[in-house]
Amino acid sequence: MDKRYTFTDFIQLIERLRGEGGCPWDREQTHNSLRPCMTEETAELLASIRIYEQTGDAENMREELGDILLQVVMHSVIAREEGLFTIEDVIQEISEKMIRRHPHVFGEAVAGCSEQVLANWEEIKKQEKEGRHTRLSPLREIPEELPALARACKVIKKADKLYNDGENPDTFWQRLETAVSDLQSAQAPQSRENLSQKLGNLLWLLSEFAYRHKLTPEQILADKIAEKVEFLEPKSE
């Protein structure tokens with residue numbers, strides 16, 4: 001194809017798919033029905049980034065970014081149909097947020113390092129939430145849909161800030177030793193529920209260790225799985 005499509009062209013394309021005489025599948029979709037699609041497309045984008053890092057080939061990443069954009073536009077078109085908001089509202093809000101949360105670029109604030117940028121970001125985010133009505137506690141605001149290891153680190157981080165829940169290293173190692181011992185003893189004929197509880201305690205502590213050392217356990221485990229797959233797969237002659 002010689003035609004170069006614009007962002008506006010793409011929005012109109014999705015509107016046609018959703019409109020009268022459009023695609024039956026697209027017309028049936030809702031915010032809820034599209035949830036699995038976003039999960040799958042996000043995973044495929046992450047995979048494409050890994051492939052790019054390994055091979056230098058960005059073609060797959062370009063395609064997967066398009067699939068993520070499709071999800072964003074599809075949700076926005078559905079929201080417009082429902083009278084909630086438009087894609088223009090989405091762009092406006094994220095633009096205002098980026099300007100607001102980067103006062104060292106668009107304002108007079110100073111941030112000489114990434115740590116200060118993140119500290120400013122969190123403080124501005126906190127100010128933005130003041131006065132908003134929510135039925136959720138601060139810890140329950142962390143999405144349940146996050147992968148468990150990633151969510152654990154976010155809960156620990158927020159608990160540290162809100163409740164000064166930080167542990168000293170000596171206490172941590174004592175708790176870890178106890179958790180390992182408990183797991184060792186929780187063998188048959190113990191119930192699966194008891195074994196799951198003990199394993200959960202250990203996984204939580206390992207997540208805490210990762211967070212306090214600025215590690216990302218979700219990515220670490222993903223990398224280890226990839227390493228194991230590579231090791232376990234039969235090597236071609």
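The rules we used
- Residues numbered from 1 in each chain as written.
- Predicted model: local features only at pLDDT ≥ 70, side-chain atom pairs only at ≥ 80, totals over all residues.
- Heavy atoms only, no water.
- Salt bridge = Lys/Arg side-chain N within 4 Å of Asp/Glu carboxyl O.
- Helix = DSSP H or I, 4+ residues; strand = E, 2+ residues; numbered from the N terminus.
- Buried < 20%, exposed > 50% of the residue type's maximum accessible area, 1.4 Å probe, protein only.
- Polar contact = N/O pair within 3.5 Å; in protein donor to acceptor, adjacent residues only side chain to side chain.
- Disulfide = S-S within 2.5 Å.
- Expected span 1.5 Å × (residues − 1).
- Arc of directions from axis to C-beta.
- Contact = heavy atoms within 4.5 Å.
- Core = buried A, V, L, I, M, F, W, Y, C linked by side-chain atoms within 4.5 Å.
- Axes fitted to C-alpha atoms, helices over the stretch in contact; angles between N-to-C directions.
- Parallel < 35°, antiparallel > 145°, perpendicular 65-115°, else oblique.
- Left-handed = near helix turned anticlockwise from the far one by under 90°.
- Nonpolar A, V, L, I, M, F, W, Y, C, P; charged D, E, K, R; others polar.
- 1 Å grid on protein atoms, 1.4 Å probe; cavity = no way out; pocket = protein on both sides within 12 Å on 5 of 7 lines; lining within 4 Å.
- Points joined across faces, edges and corners; volume = space filled by probe spheres on them.

Participant: Would you take a moment to explain the pattern of salt bridges for this structure?
Facilitator: Opposite charge on two side chains permits pairing when their charged atoms draw close. Overall, the coordinates contain 12 salt bridges when judged by the stated rule. For R18, the salt bridge goes to E81, with nearest N and O atoms at 2.5 Å. Remark: E81 occurs in helix α4 (residues 59-81) and R18 occurs in helix α1 (residues 7-18); sequence separation between them is 63 residues. K158 is the partner of E141 in a salt bridge, and the nearest nitrogen-oxygen pair spans 4.0 Å. Of this pair, E141 sits in the loop between α7 (114-129) and α8 (148-163) while K158 sits in helix α8, and the two are 17 residues apart along the sequence. Judged by its relative accessible area of 24%, K158 is partly exposed. If you follow the salt bridges from partner to partner, you end up with D160, R175, E208 and R212 in one network.

Participant: Explanation requested: the environment of D57 in the structure shown.
Facilitator: Position of D57 among the secondary structure elements: in the loop between α3 (35-55) and α4. At a separation of 2.9 Å, a polar atom in the side chain of D57 contacts the main-chain amide nitrogen of E59.

Participant: I keep staring at the state of the cysteines and nothing clicks. Help me out?
Facilitator: A disulfide bridge is the covalent bond that connects two cysteines by way of their sulfur atoms. Enumeration over the complete set of coordinates arrives at zero disulfides. Of the cysteine sulfurs around C23, a residue in no disulfide, the closest is that of C37, at 12 Å.

Participant: Would you mind going over α7 with me for this structure?
Facilitator: Because the α-helix completes a turn every 3.6 residues, residues three or four places apart line up on one side. For α7, with 16 residues, the first-to-last C-alpha span of 23 Å sits near the 22 Å given by 1.5 Å per residue. For α7, the complete set of buried residues consists of N120, I124 and E128. The buried residues of α7 occupy an angular sector of 75° when the element is viewed end-on, so they sit on one face. In α7, the exposed positions that point more than 90 degrees away from the buried face belong to E115, L118 and K126. In this fold, the buried residues of α7 make contact with α5 (87-100) and α6 (103-106).

Participant: For this particular structure, what's the right way to read α4?
Facilitator: End to end, α4 covers 33 Å across 23 residues, agreeing with the expected 33 Å (1.5 Å per residue, within 8%). Looking only at α4, the buried set comprises E64, I68, Q71, V73, M74, H75, S76, V77, I78 and A79. Those residues of α4 that are buried are in contact with α1, α2 (24-28), α3 and α5. Immediately downstream of α4, the backbone of G83 shows phi near 75°, a positive value.

Participant: Looking at this model, I keep getting lost on the nonpolar core. Mind explaining?
Facilitator: A general trend in soluble globular proteins is that nonpolar side chains are found buried together. Formed by I11, I14, L34, C37, V73, M74, V77, I78 and I87, the largest nonpolar core amounts to nine residues. Those elements giving two or more residues to this core turn out to be α1 and α4. Element by element, the count of residues in this core is highest for α4, at four residues. Residues within four places of C37 in sequence aside, it is in contact with W25 and Q71. Within the second largest apolar cluster, six residues are counted, among which are F172, L176, L183 and L205.

Participant: Is there a simple way to explain the packing of α3 against α4 in this structure?
Facilitator: The description of two packed helices rests on the angle between their axes and on the distance between the axes. Viewed as axis vectors pointing N to C, α3 and α4 meet at an angle of 160°, and their least axial separation amounts to 8 Å. Considered as vectors, α3 and α4 are oriented roughly antiparallel to each other. In the crossing of α3 with α4, the sense of the turn from one axis to the other is left-handed. Packed against α3, whose contacting residues are C37, M38, E41, T42, E44, L45, S48, I49, I51 and Y52, the element α4 presents N60, M61, E64, L65, D67, I68 and Q71 at the interface. Tallied by class, the residues present in the contact of α3 with α4 amount to nine nonpolar, four polar and four charged.

Participant: For this particular structure, what's the right way to read the layout of surface pockets?
Facilitator: Roughly 1,200 Å³ of volume is contained in the largest pocket. Its residues assigned to classes, the lining of the largest pocket shows 12 nonpolar, five polar and 15 charged. What the second largest pocket holds in volume is close to 720 Å³. If you go around the second largest pocket, you meet 19 residues; those closest to its centre are T42, A43, L46, P147 and E218. Of all the secondary structure elements, the ones that give two or more residues to the lining of the second largest pocket are α3 and α11 (217-232). Considering each element in turn, the lining of the second largest pocket owes the most residues, eight residues, to α3. Classifying every residue of the lining of the second largest pocket gives 11 nonpolar, three polar and five charged.

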